[in-house]
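# Structural characterization, general
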Amino acid sequence: MKRSPLVMVLSMSTCVALSACGRGALPPGAVEAAAVPPPGLDTPEGVANFWSSNCAGCHGADGQLGAARPLDDPLWWRTMPDAQVVETVAVGLGRLMPGFSARAKGGPYIAYANLGDAEIELVVKGLRARWGTPGEPAAAGAAVRLGDAARGASVFANACASCHANGTAASVTDPMFLANITDQGLWSAVVFGRPDLGKAATTLSPGEVADVVAHLAAMRPAWASAAALDPAAPSKPATGDSTP
Ligand code: HEC
Ligand code: HEC
């Protein structure tokens, strides 16, 4: 198993943050500052550094207004078990969320190390400490379940169309939108809402949520089927070596 020590990750990111990388950058004769060990992933600073170099580009500096649902949402954290978040970060989710471990489809996204699950667990615990709060989890649960698409069509007409079919909110039946969001992403959008965009958490029952998600999933174009979005599905052989 080839894995660079984690300290590499952190020293690389510190180096990027200070934009003073590499000995070559020092003028001849300059004295190099004594190396300060970077904060580990078991510290809030270490996780904050890791977030800014690996996640913030897509998820936003403070976990919101990025390409995905907000991750600074306490209700979401309350409902998501660590194991599910670790799996998402390890293998990725759909077309847009890359995986960071050696198990990731197509190889790890992280450029200079394959993160192990133990390291990803530290990141997830650190993010939970930053954004989670104790309380009752959302009744509909964390993991997507698909119900009956036909029943879901009437749930959509009754509970969603008032905003999503009249221009008040974005069209969530748009094929390009559906091609680029996973069933899990649709589920989370309905159950937890988008507090960053003014969309409330659902008041539907877990069964109705499962039905309406099945209805949306059934409208996804065939070329972007759930199998193609599923990170656990067998991938094409990777082109090139992704583990430098
Ligand atoms: C009161 C208005 C309202 C209702 C009712 C509503 N939504 Fe939304 N929804 C929003 C807003 C606002 C957003 C944020 C995006 C935007 O501004 O268009 C959103 C976003 C979404 C998204 C995209 C989330 C993302 O991460 O990109 C999905 C999917 C969605 N809604 C599904 C549903 C479904 C399914 C229902 C019915 C069960 C529903 N919504 C009911 C207002 C509503
Ligand atoms: C290249 C952009 C990108 C990067 C980098 C990225 N993400 Fe994501 N992430 C996304 C997108 C887009 C989604 C939504 C995917 C979907 O639902 O189809 C997502 C989804 C997620 C989810 C699941 C949310 C849910 O609905 O269940 C978690 C958790 C997550 N990302 C954590 C992270 C962490 C932690 C990092 C850094 C280690 C990271 N992401 C880096 C783009 C990214």
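Residues numbered from 1 in each chain as written. Chains lettered and ligands numbered in written order. Predicted model: local features only at pLDDT ≥ 70, side-chain atom pairs only at ≥ 80, totals over all residues.

## Overview of the site of ligand 1
Heads up, the rule is: As used in this record, a residue near a molecule or strand is one whose C-beta atom, placed from the backbone, is within 6 Å of it. Only runs of H or I of at least four residues qualify as helices and only runs of E of at least two qualify as strands under DSSP, and these elements are numbered from the N terminus. Residues are grouped as follows: Ala, Val, Leu, Ile, Met, Phe, Trp, Tyr, Cys and Pro are nonpolar; Asp, Glu, Lys and Arg are charged; every other residue, Gly included, is polar.
Contacts to ligand 1 come from 18 residues, most closely from Cys 160, Cys 163, Ala 169, Ala 170 and Ala 189. Breaking the shell around ligand 1 down by element, the ones donating at least two residues are helix 8 (161-164) and helix 10 (183-192). When grouped by side-chain class, the residues that make up the shell around ligand 1 number 12 nonpolar, three polar and three charged.

## Observations regarding the nonpolar core
Quick reminder of the rule: Nonpolar cores are identified as sets of buried Ala, Val, Leu, Ile, Met, Phe, Trp, Tyr and Cys residues joined via C-beta atoms within 7 Å. Exposure in this text rests on C-beta crowding, where 20 or more other C-beta atoms within 10 Å of a residue's own make it buried, 12 or fewer make it exposed, and counts in between make it partly exposed. The C-beta atoms are placed from the backbone. Where a domain begins and ends is set by an automatic assignment or by a domain database.
Residues Val 89, Ile 120, Val 123, Val 209, Val 212 and Val 213 are the most contacted members of the largest nonpolar core, which totals 42 residues. Only helix 2 (44-54), helix 4 (74-79), helix 5 (82-91), helix 6 (117-131), helix 7 (149-159), helix 10 and helix 11 (206-218) provide two or more residues apiece to this core. Residues from two domains meet in this core; each of domain 1 (6-18 + 36-131) and domain 2 (149-229) gives at least three.

## A closer look at helix 7
In plain terms, the rule: It is the directions from the helix axis to the C-beta atoms that the arc portrays. By the convention adopted here, residues make contact when the C-beta atoms placed from their backbones lie within 7 Å.
Within the span of helix 7, buried status applies to Gly 152, Val 155 and Phe 156. Along the axis of helix 7, the buried positions cluster into a sector of 100°, meaning they face one direction only. Along helix 7, the residues that are exposed and aim more than 90 degrees away from the buried face are Ala 150 and Asn 158. In the core, the buried residues of helix 7 are packed alongside helix 8 and helix 11.

## So, the site of ligand 2
As a structural note, the neighbourhood of ligand 2 is formed by 22 residues, with Cys 55, Cys 58, Ala 68, Met 97 and Gly 185 the closest of them. When residues of the shell around ligand 2 are traced back to their parent elements, those giving at least two are helix 3 (56-59), helix 5 and helix 10. The residues that make up the shell around ligand 2 include at least three from each of domain 1 (6-18 + 36-131) and domain 2 (149-229).

## Brief notes about the packing of helix 5 against helix 6
We apply this condition: With axes taken as lines fitted to C-alpha atoms, and helix axes fitted only over the stretch in contact, angles between N-to-C directions fall between 0 and 180 degrees. For a crossing to be left-handed, the near helix must be turned anticlockwise from the far one by less than a right angle; the clockwise case is right-handed.
Put simply, helix 5 and helix 6 touch, their axes get as near as 9 Å, and they point 120° apart. The element helix 5 and its partner helix 6 pack so that their crossing is right-handed. Note on element contacts: helix 6 touches helix 5 through Asp 117, Ile 120, Glu 121, Val 123, Val 124 and Lys 125, opposite Asp 82, Val 85, Val 86, Val 89 and Ala 90. Each residue belonging to the contact of helix 5 with helix 6 can be placed in one class, and the counts come to seven nonpolar, no polar and four charged.

## With respect to the confidence of the model for the protein
Inclusion rule: Confidence of the predictor at the level of single residues is captured by pLDDT, which takes values from 0 to 100.
Averaged over all residues, the pLDDT of the protein equals 82, while 77% of them reach at least 70. Overall, residues 1-24 carries pLDDT values under 50, and its contacts beyond four positions in sequence, including any with other chains, amount to 28 contacts. The low-confidence segment residues 233-244 (pLDDT under 50) makes 12 contacts with residues lying over four places distant or belonging to another chain.

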